[in-house]
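So you can see what is in the structure, the chains are spelled out below.
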Amino acid sequence: METSITLDLTMPRLAPETAPEVPLVERLAIIGTGPAGLTAAIYAARAALSPLVFAGPELGGQIALTTEVENFPGFPEGLTGPELSRRMQEQAQRFGARLELDTVTEADLHQRPFVIKTAAREHKARALIVAIGASPRKLGVPGEREFIGRGVSYCATCDGFFFRGQEVLVVGGGDSALQEGLFLTRFASRVTIVHRRGQLRANATLVDRARANPRIEFTLNHTVTEIIGDNAVRAARLKDLATGQQRVVEINGVFIYVGQYPNTSLFKGQLAMDEDGFILVDDLMETSVPGVFAAGECHDRLFRQAVTSAGFGCMAALAAERFLAD
Ligand code: NAP
């Protein structure tokens, strides 16, 4: 089962002949290519800062793993996450943003200019925007890790196709669970949404759509306590939180959407964070280190929308531009 995104292969890249020479010290580096990082790149590039943008382990960020985006302004008929991501990247590159596909492995914010290392080389930058996003949270039950790629997935876009005609569980009651559950009905014969409460957290439009879908069932007030299988997932153990009773249901896949955690371990001890690892910023998106800005889901634990991340990316770029001018 394939869990990596195919986006990497299809996205247009800056042609080598148009690539500018690598400066000794970048004015601005941006880490992350989700809506926050790419919007920051568009604004910074239009301000002639020629930002160097590090793609990170997932080019396009989480939005590139999302099936349908229906609430990004300007696209009334909706578009796919990879397509939105591709367009943002194209827009940033059009104005001179340079994309570095390597992942940042180390950053030293004690030095000036800041030092950013990838496996391939070391870069220096006077200002930095950290837009490294968040990753799917694990459920933490027996069998989960063991069956990743063999029936356990965090990405319906990547893996839904493999469950044609099969029965799957979707764990979670938020927008992601319902949206991706709806997407999975294109392939699976039955999608059961397992949620720990009686009340779904997802927005009313998604809830109504899911309730109207004949392939979707809800198992509320339940948790998954174990994922069972041999060479692939065959069943899951569910616990009824009202009665405490457990039962085993036969299924072929478990898609987990129980929230995210910020990808901020690279900056632990260097940037001030809250107790859950979200980077703390001021009104100008500046972190505890002057000249380092943060944007998107690595700092925002409240809104977490593609459009709010894009807005934060814009703010961070404008603030970085002002910092560099000063
Ligand atoms: P989320 O809103 O944090 O929802 C996570 C869900 O997982 C909640 O229902 C939560 O239950 C449940 N959960 C958490 N820990 C659990 C555990 N250990 N066991 C079982 N269930 C657990 O995350 P999300 O759905 O990924 O959404 C993230 C953000 O992206 C949100 O701001 C959302 O609005 C946004 N988003 C928007 C769209 C859209 O607009 N179309 C689509 C996708 C995501 P409780 O409800 O009991 O807390």
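Residues numbered from 1 in each chain as written. Predicted model: local features only at pLDDT ≥ 70, side-chain atom pairs only at ≥ 80, totals over all residues. Heavy atoms only, no water.

Concerning the sheet that holds strand E14 (residues 222–229)
One key point about sheets: their strands pair by backbone hydrogen bonds, in either a parallel or an antiparallel sense. Quick note on the threshold: DSSP-based pairing: two strands are paired if at least 2 bridges between them are found. Secondary structure follows DSSP: runs of H or I at least 4 residues long count as helices, runs of E at least 2 residues long count as strands, and numbering of each begins at the N terminus. Here an angle of 0 to 180 degrees is reported between the N-to-C directions of two axes, which are lines fitted to C-alpha atoms, with helices fitted over the stretch in contact.
Strand order across the open sheet formed by three strands is E14-E15-E16, with antiparallel pairing between neighbours. Each of the sheet's edge strands pairs with one partner strand only, and the pair in question is E14 and strand E16 (246–250). Neighbour-to-neighbour, the strand axes of the sheet open up by a mean angle of 25 degrees, direction not taken into account. As judged from the five bridges shared by strand E15 (residues 233–240) and E16, these two strands associate in the antiparallel manner. Along E16, the bridge assignment pairs Ala236 with Val249.

Observations concerning the site of the ligand
Definition in use: We call a residue near a molecule or strand as soon as one heavy atom of that residue lies within 4 Å of the molecule or strand. The term polar contact refers here to a pair of N or O atoms within 3.5 Å; inside protein, the definition further demands a hydrogen-donor-capable atom paired with an acceptor-capable atom, and it admits residues adjacent in sequence only when both atoms are side-chain atoms. For the accessible areas, the method is Shrake-Rupley and the probe is 1.4 Å, while residue cover comes only from the protein chains on display.
Taken together, the neighbourhood of the ligand is formed by 20 residues, with Asn71, Asp175, Ser176, Arg197 and Arg201 sitting nearest. Contact between the ligand and Asn71: an oxygen atom at 2.6 Å from a side-chain N or O atom of the residue. Within the side chain of Gln260, an N or O atom sits 2.9 Å from an oxygen atom of the ligand. Summarising the interface, the protein chains cover 81% of the accessible area of the ligand, which totals 920 Å² for the free molecule.

So, the environment of Cys298
Just so we agree on the cut-off: Here a residue-residue contact requires only that any non-hydrogen atoms of the pair lie within 4.5 Å.
Relative to the elements of secondary structure, Cys298 occurs in the loop between strand E19 (292–294) and helix H7 (306–325). With 68 residues separating them in the primary sequence, Cys298 and Asp230 have C-alpha atoms 37 Å apart. Aside from chain neighbours lying at most four places away, what touches Cys298 is Val130, Ala131, Ile132, Gly133, Pro262, Thr264, Gly277, Phe278 and Ile279.

A look at helix H2 (residues 35–46)
The condition that has to hold: For a helix, the expected span equals 1.5 Å multiplied by the residue count minus one. Residue burial is assigned from relative accessible area. The probe radius is 1.4 Å, only protein chains are included, and a residue is buried under 20% of its type maximum, exposed over 50%, and partly exposed in between.
With twelve residues, H2 extends 16 Å from end C-alpha to end C-alpha; this agrees with the ideal 16 Å at 1.5 Å per step. The element H2 is extensively covered by neighbouring structure, given that ten of its twelve residues are classed as buried. Among the residues of H2, those classed as buried are Pro35, Ala36, Gly37, Leu38, Thr39, Ala40, Ala41, Ile42, Ala44 and Ala45. Packing partners of the buried residues in H2 comprise strand E1 (26–31), strand E2 (52–54), helix H3 (81–94), strand E8 (122–130) and H7.

Here's the deal with the packing of H2 against H3
Put simply, the rule reads: Each angle receives one of four descriptions, namely roughly parallel if under 35 degrees, roughly antiparallel if over 145, roughly perpendicular if within 65 to 115, and oblique otherwise. Handedness of a crossing follows from how the near helix is turned relative to the far one, being left-handed for an anticlockwise turn of less than a right angle and right-handed for a clockwise one. Residue classes follow a fixed rule: Ala, Val, Leu, Ile, Met, Phe, Trp, Tyr, Cys and Pro count as nonpolar, while Asp, Glu, Lys and Arg count as charged, and any other residue, Gly among them, counts as polar.
Where H2 meets H3, the axes come as close as 8 Å, and the angle between the chain directions of the two elements is 25 degrees. The pairing of H2 with H3 is recorded here as roughly parallel in orientation. In the packing of H2 onto H3, the handedness of the crossing is left-handed. Every residue of H3 that contacts H2 at Pro35, Leu38, Ala41, Ile42 and Ala45 is listed here: Ser85, Met88, Gln89, Gln91 and Ala92. Split into classes, the residues belonging to the contact of H2 with H3 amount to seven nonpolar, three polar and no charged.

Remarks on the state of the cysteines
Put simply, the rule is: Disulfides are defined in this document as cysteine sulfur pairs within 2.5 Å.
For the coordinates displayed, the defined rule picks out one disulfide. Between the sulfur atoms of Cys155 and its disulfide mate Cys158 the distance is 2.1 Å. Sign of the S-S torsion, about 75 degrees for the bond between Cys155 and Cys158, identifies this disulfide as right-handed. Left unpaired, Cys298 is separated from the closest cysteine sulfur, that of Cys314, by 16 Å. Residue Cys298 is classed as buried on the basis of its relative accessible area, which comes to 0%.

A closer look at the domain arrangement of the protein
Put simply, the test is: An automatic or database domain assignment is the source of the domain bounds shown. When a carboxyl oxygen of Asp or Glu is within 4 Å of a side-chain nitrogen of Lys or Arg, the pair counts as a salt bridge.
When cut into domains, the protein gives domain 1 (25–136 + 260–325) and domain 2 (152–256). Between the C-alpha centres of domain 1 and domain 2 the distance comes to 32 Å. Counting every contact that joins domain 1 to domain 2 gives two salt bridges. The salt bridge partner of Arg186 is Glu68, with a shortest N-O separation of 3.6 Å. Linking domain 1 with domain 2 are three residue pairs in polar contact (both at pLDDT 80 or more). Residues belonging to the side of domain 1 that touches domain 2 are distributed by class as follows: two nonpolar, three polar and two charged.

Things to note about the packing of aromatic side chains
Note the cut-off: When the centres of two rings from Phe, Tyr and Trp lie within 6.5 Å, Trp using its six-membered ring, the rings pair. Their planes under 30 degrees apart give stacked, over 60 give edge-to-face, and anything left gives tilted.
Enumeration according to the criterion identifies six aromatic pairs in this entry. Seen in terms of ring centroids, Phe163 and Phe255 are 5.3 Å apart; in terms of plane orientation they differ by 75 degrees. Their pairing is edge-to-face. Of the two residues, Phe163 sits in the loop between helix H4 (156–159) and strand E11 (167–171) while Phe255 sits in strand E17 (residues 253–256), which places them 92 residues apart along the sequence. By relative accessible area, which is 2% here, Phe163 ends up buried. Among the residues examined, Phe255 registers a relative accessible area of 0% and is labelled buried.

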